Amino acid sequence: MPPSLHFIKRNSLSILLVSLGSLLVVIFNYYTIKTTSGVRTYINAESTFAKAQKNSAIYLLAYLYDNEESTWELYKKNLDYAIGTREFRVKLLSGADEHQLKQALIKGHHRVEDLDNYVWFYKNFKGQAFYNDLTELVERGNPLLTALEKLGEKVRIRIKNNQLSKNSADAYATDILEINKELTVIQYLFSDELSQISRSVEKTLFIANGLFVLIIVFGGGLYFIFIINKLNKSEENLKKSYNDLQLANLELDKFVYSVSHDLRAPITSIMGLVDLMKHDLNPDELPEYLKMIEESLQRQDDYIKKVLSYSKNKRLESKIVPVNFNELLDEILNDLRFSKKAQQIEFVKELELNAFKADKVRLRIVLSNLIANAIEHSDETKEKPIVTITSKKQKEVIIITVKDNGIGIKQEHLEKVFSMFYSGNHSQTGVGLGLYIVKDTVENMKGEIGIDSTYQKGTTITLTIPYYNGNINS
Amino acid sequence: MVILIVEDNPIDQLITKKLLVNLTGITPVVVTNGKEALHWLQETHNNKQKLLILLDIKMPVMDGFEFLEELSELTLKANFKPAILMLSSSIDTRDKEKANANTLVLEFIEKPLQKEGFIEILKKHNLY
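Chains are numbered independently. Their residues run from 1 in the order of the written sequence. Lettering of chains starts at A and numbering of ligands starts at 1, both following the order in which they are written. The predicted origin of the model limits local features to residues at a pLDDT of at least 70 and limits the giving and counting of side-chain atom pairs to 80 or more, whereas totals for whole chains, interfaces and linings rest on all residues. Water and hydrogen atoms play no part in the side-chain values, which are based on all heavy atoms of the structure.

J.: What is the right way to look at the interface of chain A and chain B in this model?
T.: Many descriptions give the size of an interface as the accessible area lost when the pieces come together. Between two residues, a contact is recorded if the distance between any of their heavy atoms is within 4.5 Å. Taken together, the contact pairs 30 residues of chain A with 29 residues of chain B. Summed over both partners, the accessible area lost on bringing two parts together, with a 1.4 Å probe, is the buried area. Both sides of the chain A and chain B interface together cover about 2500 Å² of buried area, and 54% of this is carbon and sulfur. The three residues of chain A that bury the most area against chain B are Tyr257(A), His261(A) and Arg264(A), which together make up 23% of that side's buried surface. Salt-bridge detection follows one rule: a side-chain nitrogen of Lys or Arg within 4 Å of a carboxyl oxygen of Asp or Glu. The interface formed by chain A and chain B contains three salt bridges. The partner of Lys18(B) in a salt bridge is Glu285(A), with the nearest N and O atoms 2.2 Å apart. The definition of a polar contact used here is a pair of N or O atoms within 3.5 Å, where within protein one atom must be able to donate a hydrogen and the other to accept one, and adjacent residues in sequence count solely through side-chain atom pairs. Our count for the contact surface shared by chain A and chain B stands at 10 residue pairs in polar contact (both at pLDDT 80 or more). Secondary structure counts use DSSP, requiring at least four H or I residues in a row for a helix and at least two E residues in a row for a strand, with both numbered from the N terminus. Listing elements by their share of the side of chain A that touches chain B, those giving two or more residues are helix H6 (166-279), helix H7 (286-315) and helix H11 (411-414) of chain A. Among the elements that take part in the side of chain A that touches chain B, H6(A) stands out by supplying 15 residues, more than any other.

Following this line, the structure appears as structure tokens:
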């Protein structure tokens with residue numbers, strides 16, 4: 001997984017929390033606003049309704065005694081408002097259409113624009129305890145309104161026919177006042193219920209908003225922590241890259257130093273020899289000097305080749321391919337067979353493992369170098385110089401050894417043989433780069449190399465490289 | 001005077017040895033690394049004799065600078081002070097600076113060692 005995706009995945013929880021918190025706040029606030037508007041609309045309506053009821057009772061009372069047509073009209077108008085409100089409630093409960101609801105609202109002297117609020121509040125809260133309480137209160141008031149209406153009709157007929165005596169007017173007045181008293185009680189209860197709803201909405205709003213803000217802050221905090229962690233990681237990586245770079249620079253510095261020295265050494269030797277020949281040449285010594293010059297040049301040539309192969313090996317792409325180890329060894333031995341030393345050596349192959357997969361190009365470089373070293377450091381004083389190559393599989397690795405009975409390496413040289421440009425012995429053609437290249441190449445193969453040697457007895461080099469299963473191409 | 005050549009490269013050994021024999025008439029002792037040089041100093045050399053060392057830098061087992069460190073301890077203990085000429089194919093200024101910083105080193109000589117230049121250096125230090 002690329003780091004950026006990993007980062008997104010790790011942050012998804014915090015981003016989710018922030019989004020969820022925000023969404024909850026938005027939804028909750030929407031409901032709160034709608035509920036508050038609904039409650040406000042109902043309170044307004046109730047206030048209008050209560051006024052209309054009261055006024056109709058008062059005007060009916062006045063009409064009883066002044067018998068004026070205008071007072072009657074006022075009574076009728078207020079009664080219509082109250083009846084309109086009642087009709088609206090009935091229609092809302094019975095699920096009437098928008099047009100009918102609007103008609104009822106207009107009749108009840110309410111604002112048509114508030115229709116949505118009524119409907120929304122009704123739809124969302126019907127069945128809730130407080131809504132049932134409200135409905136119950138309305139239903140308790142309905143018969144009272146009907147009673148008032150009927151009382152009005154009776155009073156109207158009596159007055160029209162001049163049949164209303166002072167006594168019966170007083171009796172009607174008592175009834176009207178009784179109805180009005182009961183209506184007032186219901187109105188107070190209704191108002192109390194509504195303001196209680198209002199308060200509980202406010203309380204819920206307060207708690208819920210606090211909770212949602214906490215979720216958002218928590219999510220944001222998590223996000224912040226992830227960012228800090230990520231920054232810390234980046235800083236660590238940067239430090240590591242910097243250290244790696246410094247190591248690489250150090251290595252490069254060492255490389256340039258050694259190359260410049262070792263490339264120059266054979267030249268300075270030859271220049272020294274030439275100067276010697278110029279001043280004090282003894283003709284008898286000429287062949288020896290020429291041989292020395294030739295050796296120096298040979299050494300430099302070898303060195304240049306090795307530096308090149310080192311540089312090439314560094315850039316070489318790793319390709320895991322099937323290897324026939326026996327054939328590979330034969331190819332290498334064929335290349336090396338021609339030196340005088342090689343012709344005296346017996347090569348023995350003990351291959352428990354012959355067919356495997358490996359980085360063949362690098363394996364060839366490593367084995368060529370190791371076998372060439374074994375030949376070069378063979379001991380001519382031994383009765384039979386032998387170089388033995390073995391291979392076997394152990395767990396998930398391949399173990400290859402190159403063993404010789406050559407001159408061996410002194411203990412004091414052993415620890416340095418793999419270091420860059422170290423050569424234990426200048427009299428040989430080796431210039432110290434060989435084993436460094438071998439080690440570097442083996443490490444490129446994700447393998448390891450070890451050396452075991454006894455001076456004058458011989459040397460064993462052990463290679464451990466990965467064993468590849470299945471079809472691996474890189 | 002005794003002369004010690006500490007040099008691993010056989011060609012350079014030969015060149016230095018020939019030049020010294022020709023110029024001073026002294027046949028130098030030749031060893032191939034710092035460790036052998038220390039061994040010779042402790043086992044064979046008579047501290048009362050004046051000693052000139054021609055010291056290469058890059059050698060196996062113990063290089064020229066490692067030898068100088070060991071030598072300074074040895075000179076303190078045994079109270080003798082050899083004259084040292086350092087020789088190297090190195091053209092790295094750090095090597096030259098390091099060599100010149102050592103009080104025992106008379107001169108850092110860049111190889112190749114050639115007769116005319118060598119005579120001048122020997123004269124400069126009253127060795128010729």
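J.: Explain the pairing of strand S6 (residues 448-454) of chain A to me, please; I cannot follow it from the model alone.
T.: All names here are of chain A. When S6 meets strand S7 (residues 458-466), the two strands line up antiparallel, connected through seven bridges. Bridge pairing in S7 places Gly-450 opposite Thr-462. Criterion used throughout: strands pair if DSSP finds at least two bridges between them. Counting the residues that bridge the hairpin from S6 to S7 gives three residues, and of these Gln-456 lies at a positive phi of roughly 75 degrees.

J.: Just to check I follow, could you spell out the sheet that holds strand S4 (residues 386-394) of chain A for this structure?
T.: Residues and elements named next belong to chain A. Spatially, five strands are ordered S2-S4-S5-S7-S6 in an open sheet, and the strand pairing comes out mixed. The outermost strands of the open sheet, each flanked by one partner alone, are strand S2 (346-351) and S6. Taking the axes of each pair of neighbouring strands and ignoring which way they run, one obtains an average angle of 15 degrees across the sheet. For helices, the axis comes from a line fit to the C-alpha atoms of the stretch in contact; other axes are also lines fit to C-alpha atoms, and the angle between any two N-to-C directions lies between 0 and 180 degrees. Against the sheet, helix H10 (residues 360-376) touches S2, S4, strand S5 (397-404), S6 and S7, its axis set at about 20 degrees to S5.

J.: Teacher, can you tell me more about the nonpolar core here?
T.: Buried together is how nonpolar side chains tend to be arranged in soluble globular proteins. Residues and elements named next belong to chain A. Buried Ala, Val, Leu, Ile, Met, Phe, Trp, Tyr and Cys residues that are joined via side-chain atoms within 4.5 Å together make up what is termed a nonpolar core. Per-residue accessibility, obtained with a 1.4 Å probe over protein chains only, is compared with the maximum for each type, and a residue is labelled buried under 20%, exposed over 50%, and partly exposed between these values. Core analysis: the biggest nonpolar cluster contains 49 residues, and Tyr-42, Phe-88, Leu-92, Phe-121 and Tyr-131 have the highest contact counts within it. Where this core is concerned, the elements lending two or more residues are helix H1 (3-66), helix H2 (69-94), helix H3 (98-107), helix H4 (115-125), helix H5 (129-160) and H6. Setting aside residues up to four positions removed in sequence, Phe-121 forms contacts with Thr-35, Gly-38, Val-39, Tyr-42, Lys-126, Phe-130 and Tyr-131. If you look at the next biggest cluster of nonpolar residues, it comprises 36 residues, including Ile-332, Phe-356, Leu-370 and Ala-374.

J.: Mind showing me how you'd approach unusual backbone geometry here?
T.: Excluding glycine, most residues fall at negative phi; most peptide bonds, likewise, are trans. Following Lys111(B), the chain continues into Pro112(B) via a peptide bond in cis, with omega recorded as 10 degrees. Here Pro112(B) lies in the loop between strand S5 (105-110) and helix H5 (115-124). With a phi angle near 75 degrees, Gln456(A) is a residue other than glycine that sits in the positive phi range. Within the element layout of this structure, Gln456(A) appears in the loop between S6 and S7.

J.: Can you walk me through the confidence of the model for chain B in this structure?
T.: Do not read the predicted coordinates in detail wherever pLDDT is low. Chain-level statistics for chain B give a pLDDT mean of 91 and a share of 100% at 70 or above. The ipTM for the predicted assembly is 0.90, set against a pTM of 0.52. Residue-level confidence of the predictor is summarised by pLDDT, bounded by 0 at the bottom and 100 at the top.

J.: Explain a nonpolar patch on the surface to me, please; I cannot follow it from the model alone.
T.: Residues Leu23(A), Ile27(A), Tyr30(A) and Tyr31(A) make up a contiguous nonpolar surface patch of about 410 Å² in total accessible area. Take Ile27(A): it is sitting in helix H1. Think of a patch as exposed residues, more than 30% relative accessible area, with no salt bridge, where like charges cluster within 9 Å and nonpolar side chains (Val, Leu, Ile, Met, Phe, Trp, Tyr) cluster within 5 Å. With residues, only the protein chains shown are counted as cover, and all accessible areas are computed by Shrake-Rupley using a 1.4 Å probe.

J.: How do you make sense of the sheet that holds S5(B) when you look at a structure like this?
T.: Strand pairing in a sheet relies on backbone hydrogen bonds, with the paired strands running either antiparallel or parallel. Residue and element names in this part refer to chain B. Reading across the sheet, the five strands line up as S2-S1-S3-S4-S5 and stay open at both edges, with parallel pairing between neighbours. Where the open sheet ends on each side, the last strands, each with one partner, are strand S2 (29-31) and S5. Strand-to-strand twist across the sheet, computed as the mean angle between neighbouring axes with direction ignored, equals 15 degrees.

J.: Got a minute to help me understand the confidence of the model for chain A in this structure?
T.: All names here are of chain A. Overall, the prediction assigns chain A a mean pLDDT of 85, with 94% of residues at 70 or greater. Within chain A, H1 has the poorest average pLDDT of any element, 80, and S5 the best, 96. Confidence drops under a pLDDT of 50 for residues 423-431, and excluding neighbours within four residues, the segment shows 24 contacts in the predicted structure.

J.: Can you walk me through the environment of Val387(A) in this structure?
T.: All names here are of chain A. Mapped onto the elements, Val-387 comes out in strand S4. Judged by its relative accessible area of 1%, Val-387 is buried. Setting aside chain neighbours within four positions, we find Val-387 in contact with Ile-345, Glu-346, Phe-347, Val-348, Ala-374, Val-402, Lys-403 and Asp-404.

J.: What is the right way to look at the pattern of salt bridges in this model?
T.: When charged atoms on two side chains of opposite charge get close, those side chains can pair. All names here are of chain A. Tallying each qualifying case throughout the model produces 23 salt bridges over all chains. The salt bridge partner of Glu-331 is Arg-364, with a shortest N-O separation of 2.7 Å. You can see Glu-331 sitting in helix H8 (residues 325-336) and its partner Arg-364 sitting in helix H10, a full 33 residues away along the chain. With relative accessibility at 33%, the residue Glu-331 sits in the partly exposed group. One salt bridge in this structure joins Lys-439 and Glu-443, with 3.1 Å as the shortest N-O distance.

J.: Mind showing me how you'd approach the packing of H8(A) against H10(A) here?
T.: Working note: a packed helix pair is described by the angle between its axes plus the distance between those axes. Residues and elements named next belong to chain A. The geometry of H8 relative to H10 is characterised by a closest axis approach of 10 Å and an angle of 50 degrees between their N-to-C directions. Here H10 runs oblique to H8, going by the angle between their axes. With respect to the hand of their crossing, H8 and H10 are arranged in right-handed fashion. Touching Phe-325, Leu-328, Leu-329, Glu-331, Ile-332, Leu-333 and Leu-336 of H8 are Lys-360, Leu-363, Arg-364, Leu-367, Ser-368, Ile-371, Ala-372 and Ile-375, all from H10. Angles below 35 degrees are treated as roughly parallel, those above 145 as roughly antiparallel, those between 65 and 115 as roughly perpendicular, and all remaining angles as oblique. Less than a right angle of anticlockwise turn of the near helix away from the far helix marks a crossing as left-handed, whereas a clockwise turn marks it as right-handed.

J.: I tried to follow the packing of H2(A) against H4(A) on my own but got confused; where do I start?
T.: Residues and elements named next belong to chain A. At their nearest, the axes of H2 and H4 sit 11 Å apart, and the two run at 50 degrees to each other. In terms of orientation, H2 and H4 fall into the oblique class. When you trace H2 past H4, the crossing you get is right-handed. Between H2 and H4, the residues in contact are Phe-88, Leu-92 and Leu-93 and Leu-115, Tyr-118, Val-119 and Tyr-122, respectively. Residue type decides the class: Asp, Glu, Lys and Arg count as charged, Ala, Val, Leu, Ile, Met, Phe, Trp, Tyr, Cys and Pro as nonpolar, and the leftover types, Gly among them, as polar. Across the contact of H2 with H4, the residue classes tally to seven nonpolar, no polar and no charged.

J.: Is there a simple way to think about the pairing of strand S3 (residues 51-56) of chain B in this case?
T.: When a strand is regular, its side chains alternate between the sheet's two faces. Residue and element names in this part refer to chain B. Counting buried positions along S3 yields six of six residues, so the element is predominantly enclosed. Of the two faces of S3, both are covered, the one formed by Leu-51, Ile-53 and Leu-55 as well as the one formed by Leu-52, Leu-54 and Asp-56. Pairing of strand S1 (residues 2-6) with S3 involves five bridges; the strand directions are parallel. Counted as the bridge partner of Leu-4 is Ile-53 from S3. In this structure, S3 lies alongside strand S4 (residues 83-88), joined through five bridges in parallel fashion. Looking at S4, one finds that Ile-53 is bridged to Ile-84. By the criterion used throughout, a crossover qualifies as right-handed when its path from the first strand across the helix to the second strand runs clockwise, the strands pointing away from the viewer. Taken together, S3, helix H3 (residues 64-78) and S4 form a β-α-β motif whose crossover is right-handed.

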